[in-house]
Amino acid sequence: MVRPGRFAAGPEPGVWRFTAPAQESSVPRTRHAVRDRLLAQGMAGERYQELVDDLLLIVSELVSNAVTHAAVLSPQLHCELEIGPDRVRISVVDGHPYRPKAQESDPARPGGRGLLLVKSVTLQAGGACDVERTEAGGKVIWASLPLPGTGPAGAGRCGDDPDEDPDY
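Residues numbered from 1 in each chain as written. Predicted model: local features only at pLDDT ≥ 70, side-chain atom pairs only at ≥ 80, totals over all residues. Heavy atoms only, no water.

## Some points on the overall build of the protein chain
Threshold: To qualify as a helix, a DSSP run of H or I must reach at least 4 residues; to qualify as a strand, a run of E must reach at least 2; elements of each kind are numbered from the N terminus. Relative accessible area decides the class of each residue, using a 1.4 Å probe on protein chains only: under 20% of the type maximum gives buried, over 50% gives exposed, and in between gives partly exposed. A contact between two residues is defined here by any heavy atoms of the two lying within 4.5 Å. All accessible areas in this document rest on Shrake-Rupley with a 1.4 Å probe, and a residue is counted as covered only by the protein chains that are shown.
A tally of helices and strands in the protein chain yields three helices and five strands. A burial count over the protein chain gives 40% of its 168 residues as buried. Considering only contacts in the protein chain between residues 6 or more positions apart, those separated by 24 or more positions represent 69%. Element-wise, carbon and sulfur atoms account for 51% of the exposed surface of the protein chain, whose accessible area totals about 9200 Å².

Structure (structure tokens):
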């Protein structure tokens, strides 16, 4: 039993994978699956609300990008949710080799700001994000956010390493 005024140990750790077709309908379905898993693992309530909201925004943007830009070469996408002792990592894998680039905000252009939004939300939360190649030639785009009260979930970077591929 948790004493009054103290938080429980935190969410239950684990790794969950969701596979979906690269279709628009997969965006809300994946977001809802991630939300349901976060809540089932103990991330309900006011303490986790901002983190859950940030993660749901991130997964929506990443799945939407995979559907929009990778579906031609990658009819399936994979989402992975990993809850660790001090962080939550969400990643989306597709089979397209295209390495996305975060666009600058341009009010005259509709869309194109999803990765910029992911980077901004992630950095604001004290997290890290990046894109990496898979062994099969595709890519995995991920974001890692700290659990409340645990500190940063990485070096506070988001693809800004000058030695990394400059396209992200």
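Next comes the rest of the description.
## Observations concerning the sheet that holds strand 4 (residues 128-133)
Filter applied, for reference: At least two bridges found by DSSP between two strands is the condition for calling them paired. Every axis corresponds to a line fitted to the C-alpha atoms, with the helix fit spanning only the stretch in contact, and the corresponding angles, defined between N-to-C directions, vary from 0 to 180 degrees.
Ordered by their spatial adjacency, five strands build an open sheet running 1-2-3-5-4, and the pairing between neighbours is antiparallel. The open sheet has two edge strands, strand 1 (14-21) and strand 4, and neither has a second partner. Within this sheet the neighbouring strands show an average axis-to-axis angle of 15 degrees, counted without direction. Inspection of the sheet shows strand 1 paired to strand 2 (residues 76-83) by eight bridges, in the antiparallel sense. Bridge assignment links Arg17 to a residue of strand 2, and that residue is Glu80. Sitting on the sheet, helix 1 (residues 26-40) is in contact with strand 1, strand 2 and strand 3 (87-94), with an inclination near 165 degrees to strand 1. On top of the sheet, helix 2 (residues 46-70) reaches strand 2, strand 3 and strand 5 (139-146); it is set at about 10 degrees to strand 3, its chief contact.

## Notes on the pattern of salt bridges
What counts is decided by this rule: Salt bridges are counted wherever a side-chain nitrogen of Lys or Arg sits within 4 Å of a carboxyl oxygen of Asp or Glu.
Under the definition given, this model contains four salt bridges. Across the pair Arg35 and Asp36 runs a salt bridge, and its minimum N-O distance is 2.9 Å.

## Observations regarding the nonpolar core
Defined as follows: Among buried residues, the Ala, Val, Leu, Ile, Met, Phe, Trp, Tyr and Cys ones that are joined through side-chain atoms within 4.5 Å form a nonpolar core.
If you look at the biggest cluster of nonpolar residues, it comprises 35 residues, and the most contacted ones within it are Val34, Leu38, Met43, Leu81, Val88 and Ile90. Contributing elements (two or more residues each) for this core: strand 1, helix 1, helix 2, strand 2, strand 3, helix 3 (114-124), strand 4 and strand 5. In this structure Val88 touches Leu38, Met43, Leu51, Leu55, Leu81, Glu82, Ile83, Ala143, Ser144, Leu145 and Leu147, once residues within four positions along its chain are discounted.

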